[in-house]
Amino acid sequence: MAHEALAIAPLDECNLKLLASVRPDGWKNPTAAPRYNMVVIGAGTAGLVTAAGAAGLGAKVALIERDLMGGDCLNFGCVPSKALIAAARAAASARNAKRLGVIVPAGVRVDFPAVMARMRTIRADLAKLDSAARFKSLGVDVFQGAARFTGRDSIEVAGAKLRFARATIATGARATAPPIPGLAEAGYLTNETVFSLGELPRRLVVIGAGPIGCELAQTFQRFGSQVTMLEVAPQILIREDRDAAKLIESALNRDGVRIVTNCKIERVEKRGSEKILVTSAEEIVADEILIGAGRAPVVDGLNLEAAGVEYDPTAGVKVNDYLQTTNPNVYAIGDVASPYKFTHVADEHARIAIRNALFFGRAKASSLIIPWCTYTDPEIAHVGTYEHEVEKKGIKVKTFVQELAEADRAILDGETDGFVKVHVQDGSDKILGATIVASHAGDLISEITTAMKAGLGLGSIASVIHPYPTQAAAIKKVGDAYNRTRLTPFTKRLFERLLAWRR
Ligand SMILES: Cc1cc2nc3c(=O)[nH]c(=O)nc-3n(C[C@H](O)[C@H](O)[C@H](O)COP(=O)(O)OP(=O)(O)OC[C@H]3O[C@@H](n4cnc5c(N)ncnc54)[C@H](O)[C@@H]3O)c2cc1C
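One numbering rule holds for all chains: residues counted from 1, following each sequence as written. Residues qualify for local features only when their pLDDT is at least 70, as the model is predicted, and side-chain atom pairs are given and counted only at 80 or more; totals for whole chains, interfaces and linings, by contrast, use all residues. The basis for every side-chain value is the complete set of non-hydrogen atoms in the structure, without hydrogens or water.

### Here we look at the pattern of salt bridges
Pairs may arise between side chains of opposite charge once their charged atoms sit close together.
Thought 1: The term salt bridge refers to a side-chain nitrogen of Lys or Arg lying within 4 Å of a carboxyl oxygen of Asp or Glu. Counting across every chain of the model gives 26 salt bridges.
Thought 2: Taking the shortest distance from any N to any O, the salt bridge between K17 and D125 comes out at 2.6 Å. On the criterion of sequence distance, the pair formed by K17 in helix α1 (residues 13-22) and D125 in helix α5 (residues 112-126) is long-range, its members being 108 residues apart.
Thought 3: Each residue's exposure class comes from its accessible area (1.4 Å probe, protein chains only) as a fraction of the maximum for that residue type: buried when under 20%, exposed when over 50%, partly exposed otherwise. Exposure remark for K17: the relative accessible area of 39% places this residue in the partly exposed category.
Thought 4: A relative accessible area of 34% places D125 in the partly exposed class.
Thought 5: Between D255 and R222 there is a salt bridge, with its nearest N and O atoms 3.2 Å apart. Pair noted here: D255 is in helix α9 (residues 242-255) and R222 is in helix α8 (residues 211-223), with a separation of 33 residues, a long-range link.
Thought 6: Residue D255 is classed as partly exposed on the basis of its relative accessible area, which comes to 24%. Where helices and strands are cited, they refer to DSSP runs of H or I of at least four residues and of E of at least two residues respectively, numbered from the N terminus.

This is the structure we're talking about:
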């Protein structure tokens, strides 16, 4: 797909402030140095962390961005979506306050333009950290323009030729639209345009029930849209733990989202201002359609062939465990080269690339323990392997589950939908993976990730004091459950005899 025009709207004070940081008008590209230690293509999380880190260590660095510095996370991803989610949670809390004995007058309403304005203000403020001016002040040569390789050690941008000892491709990913007849003609929103909406769509159809689809479906429903989410698979969040996905499905239904699984969309028709989605079972009328059906790596226009860099249009740039491409002097990191399309992975990849590319490091991507979180309410967070994955590999696991309905803090908060599920290797307390569903599961999962990283077993977590009452105490309870399994009938009999003797 050809590169599209910048998608930031409206051009109000906040967005102009954002653009002044991430795409300053009248920016003058610097004169290219004779040769760079590192040329970075793409100024999203992966590129920014690489450029700042390498420059901080004394490297001569060029950073090239064709659109907006900050990439998806700042402009069209994590930042705007989580700002909207905060507002949606506030609306849901107000609507549900009665359950806690708090009387909120009926008719809680979301002022959508105000929510969007708040998001734009926060985004513009956060943009300073990713700004062209800041990176210039860090000693990075910031180039505006689309980069393309002209050889194995050279890149062209806006008429300038940059020669490099090492380069890093950090061009990210973009939303892919399924090939549904009439969809393109009817028009649709993606993550690049949904955060520019000025009006709340009355009827919103979300195509795709992955993390982005689920987060935004719940958010817009809570804002007051009637949301229908269509998923071709038999269930939502297909990659997640089944029990976790079921809980989220119930939560979305409770909010009023209509979910249609096993849904085959045959075509989309435009009738007046309405968009009609014709499925095998029914016709669904929408004012807007939002696509959340997968992301494809951005590999077009880079002329990767000239650099000897192999790639696949679906899987992205081919890299080895050191994040080196088929040209050993060129690295690829973040969404363009990873199945784990998360900001924290892009950040970690950048650290690996700096070490390996500039300092003869041998850091491996496969050594990363990667947690992630879907920010629905409740959230689903996961780390390590899933039960079904390890079983496929022939590893035997034991699974320990603590329902939040038995955790005092969750009961007190009225947030009992959820659980902590931890898989350990059978016969030991080595943690192989965990899924947490809780209102702030994304925060809770770090305790398990830390334990896995430090090689601490589930039994050790039971010996960690957790403040009472916290939802994190549910993790300790899972540890207790594991420790109870160590009490064999023989040891139990021994203890009973000892205690009888001491009476
Ligand atoms: C709606 C949404 C919500 C998300 N929420 C979360 C979340 O809560 N937590 C989380 O961890 N992740 C989240 N993500 C994912 C996260 O945004 C990405 O994983 C992250 O931005 C990847 O960073 P990156 O640097 O690899 O790529 P990007 O951020 O996509 O940056 C790539 C940059 O390269 C530039 N570029 C491309 N081609 C060229 C070229 N030829 N020349 C110059 N520049 C070029 C692009 O313009 C872009 O700025 C979300 C994503 C979306 C869409």
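Moving on from the coordinates now.
### Re the pairing of strand β23 (residues 431-438)
Thought 1: Counting buried positions along β23 gives 8 out of 8 residues, so the element sits mostly inside the fold.
Thought 2: Of the strand pairs in this sheet, strand β20 (residues 379-384) and β23 are connected by 6 bridges, and their pairing is antiparallel. For V383, the partnering residue across the bridge sits in β23 and is A434.
Thought 3: Note on pairing: DSSP must find at least two bridges between two strands before they are called paired. Bridge count between strand β22 (residues 419-425) and β23: 6 bridges; the pairing is antiparallel. Bridge assignment links V422 to a residue of β23, and that residue is A434.
Thought 4: Counting the residues between successive antiparallel strands, the hairpin from β22 to β23 contains 5 residues, one of them, G427, with a positive phi of roughly 85°.

### A closer look at the sheet that holds strand β13 (residues 283-286)
Thought 1: Read from one edge of the open sheet, 3 strands run β11-β12-β13, paired in antiparallel fashion. Looking along the sheet, the strands with just one partner apiece sit at the ends: β11 (265-271) and β13. The sheet shows a mean angle of 20° between the axes of neighbouring strands, taken without regard to direction. Axes here mean lines fitted to C-alpha atoms, for a helix over just the part in contact, with angles spanning 0 to 180 degrees between N-to-C directions.

### Side note on the sheet that holds strand β14 (residues 288-291)
Thought 1: Taken in spatial order, the 4 strands make up an open sheet running β10-β9-β8-β14, and their pairing is parallel. Whereas interior strands pair on both sides, the edge strands pair on one side only; in this sheet they are β10 (258-260) and β14. When strand polarity is set aside, the average angle formed by the axes of neighbouring strands in this sheet is 20°.
Thought 2: Pairing geometry for strand β8 (residues 203-207) and β14, over 4 bridges, is parallel. Opposite I207, over in β14, you have I291 as the bridge partner.

### Here we look at the packing of α1 against α5
Thought 1: At a closest axis distance of 8 Å, the pairing of α1 and α5 adopts a crossing angle of 20°. When the axis of α1 is compared with that of α5, the two are roughly parallel. Here α1 runs over α5; the crossing is left-handed. Of the residues in α5, those touching α1 at C14, N15, K17 and L18 are A117, R120, T121, R123, A124 and D125.
Thought 2: Taken together, the residues of the contact of α1 with α5 sort by class into 4 nonpolar, 2 polar and 4 charged. Note on angle classes: values under 35 degrees are labelled roughly parallel, values over 145 roughly antiparallel, values of 65 to 115 roughly perpendicular, and the remainder oblique. In this scheme the crossing of two helices becomes right-handed for a clockwise turn of the near helix relative to the far one and left-handed for an anticlockwise turn of less than a right angle. Any two residues whose heavy atoms approach within 4.5 Å at even a single point are treated as in contact. Only Asp, Glu, Lys and Arg are considered charged, only Ala, Val, Leu, Ile, Met, Phe, Trp, Tyr, Cys and Pro nonpolar, and every remaining residue, Gly among them, polar.

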